[in-house]
Amino acid sequence: MEKRQELYAGKAKSVFATDDPDYLVLHFRDDTSAFDGERMESLARKGMVNNRFNAFIMEKLAEAGIPTHFEKRLSDTESLVKRLEMIPVECVVRNVAAGSLVKRLGVTEGQSLTPPTFELFLKNDAQHDPMINESLAETFGWATPEQLAEMKTLTFRVNEVLKRLFAEGGLLLVDYKLEFGLFKGEIVLGDEFSPDGCRLWDAETREKLDKDRFRQGLGGVIEAYEEVGRRIGIGFD
Ligand code: TMP
Ligand code: ASP
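Conventions used here
- Residues numbered from 1 in each chain as written.
- Chains lettered and ligands numbered in written order.
- Predicted model: local features only at pLDDT ≥ 70, side-chain atom pairs only at ≥ 80, totals over all residues.
- Heavy atoms only, no water.
- Near = heavy atom within 4 Å.
- Polar contact = N/O pair within 3.5 Å; in protein donor to acceptor, adjacent residues only side chain to side chain.
- Areas by Shrake-Rupley, 256 points an atom, 1.4 Å probe, with all protein chains shown as cover.
- Nonpolar A, V, L, I, M, F, W, Y, C, P; charged D, E, K, R; others polar.
- Helix = DSSP H or I, 4+ residues; strand = E, 2+ residues; numbered from the N terminus.
- Contact = heavy atoms within 4.5 Å.
- Axes fitted to C-alpha atoms, helices over the stretch in contact; angles between N-to-C directions.
- Parallel < 35°, antiparallel > 145°, perpendicular 65-115°, else oblique.
- Left-handed = near helix turned anticlockwise from the far one by under 90°.
- Buried < 20%, exposed > 50% of the residue type's maximum accessible area, 1.4 Å probe, protein only.
- Pairing = 2+ DSSP bridges.

Visitor: For this particular structure, what's the right way to read the site of ligand 1?
Guide: If you check the shell around ligand 1, you find 15 residues, and the closest are Glu-90, Ser-100, Asp-129, Asp-175 and Arg-199. Here an oxygen atom of ligand 1 sits 2.5 Å away from a polar atom, N or O, in the side chain of Ser-100. Between ligand 1 and Arg-199 there is a distance of 2.9 Å, counted from an oxygen atom to a side-chain nitrogen or oxygen. Contact with the protein chains covers 84% of the free accessible surface of ligand 1, which is 450 Å². When the residues that make up the shell around ligand 1 are grouped by side-chain class, the tally is four nonpolar, three polar and eight charged.

Next comes the structure, spelled out in structure tokens:
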């Protein structure tokens, strides 16, 4: 498949057309953003690390029967994906309290959440990705009730697969965000799964090994992503 013109540049990835209208090329850049793009920095190796990380996770999810847009990794920083019509709703599952949940509810960071929670956010940087619900999504036409139900089911299925995978590497999957889209009418997992869009802690020490290292200025961001990858069997050479 031939790469064609750039269609869109997001905060961390750029999207290119191909000669097949059903497929796109995702280019994972080194750019790193936090606080809805308020803070941007380029971190060497990040594009390569996240591209490989995402490919590994998407393959695991596909093996578990979850429909994803991922086709194959094309190079260090590029992957071929199905072209989805994206749904502008972010699905977040939390196994442990952290981040905006702690701020919003005043609960204790690190508190285990049983059962895990499910939240929806609108993908809209200008409005700082506000929390929404099924009613708002339906009324404003962001997603239908049927689509939301399917997204919720798939997001919890991802939890079962990934909690186990990370636990085998001595890691706690604290929370994560997924984005979905439609491919020929079917709900399919899109975007990426990498330490940019989830929280991962060392299961013993609870050391943060995800983008919170960048958000909180802890340093060693990419080293932490690579450490996580190494523990679950990803090679980065
Ligand atoms: P939060 O605690 O900021 O609501 O985020 C929950 C999880 O979802 C965390 O792992 C970060 C991820 N997330 C994103 O990556 N991008 C987003 O826009 C949102 C709302 C969450
Ligand atoms: N993904 C959002 C951003 O890049 C939010 C965050 O990660 O803090 O700005």
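Anyway, onward from the coordinates.
Visitor: Hey, could you run me through the environment of Arg-199 in this one?
Guide: Tracing the sequence through the fold places Arg-199 in strand β13 (residues 198-202). Between the C-alpha atom of Arg-199 and that of Cys-91, which follows or precedes it by 108 residues, the distance is 14 Å. Discounting residues that sit within four places of it in the chain, Arg-199 has contacts with Arg-94, Ala-98, Gly-99, Leu-172, Leu-173, Val-174, Asp-175, Asp-210, Asp-212 and Arg-215. A polar atom in the side chain of Arg-199 sits 2.6 Å from the side chain of Asp-212.

Visitor: Looking at this model, I keep getting lost on the packing of helix α1 (residues 46-63) against helix α4 (residues 145-168). Mind explaining?
Guide: Packing of α1 against α4 leaves a shortest axis separation of 10 Å and a crossing angle of 120°. With respect to α4, the element α1 is oriented oblique. The two elements α1 and α4 cross, and the hand of that crossing is right-handed. Counting all contacts with α1, which are made through Phe-53, Phe-56, Ile-57, Lys-60 and Leu-61, the residues of α4 involved are Val-158, Val-161, Leu-162, Leu-165 and Phe-166.

Visitor: For this particular structure, what's the right way to read the site of ligand 2?
Guide: Lining the immediate environment of ligand 2, one finds Lys-11, Ser-33, Ala-34, Phe-35, Asp-36, Gly-37, Lys-211 and Arg-215. Taking Lys-211, its side chain carries an N or O atom lying 2.9 Å from an oxygen atom of ligand 2. Side-chain polar atom of Arg-215 to an oxygen atom of ligand 2: 2.9 Å apart, as the coordinates give it. Here ligand 2 loses 76% of its free accessible area of 270 Å² to cover by the protein chains.

Visitor: How should I be thinking about the pairing of strand β7 (residues 78-82) in this particular structure?
Guide: For a regular strand, side chains alternate in direction, first toward one face of the sheet and then toward the other. Counting buried positions along β7 gives five out of five residues, so the element sits mostly inside the fold. Note: strand β3 (residues 23-28) against β7, five bridges, orientation antiparallel. Note that in β7 the partner of Val-25 across the bridge is Leu-80. Sheet topology places strand β6 (residues 70-73) next to β7; three bridges connect them, and they run antiparallel. In the sheet register, Arg-73 faces β7, and the bridge partner there is Ser-79. Taken together, β6 and the strand that follows it, β7, pair antiparallel across an intervening segment of four residues.

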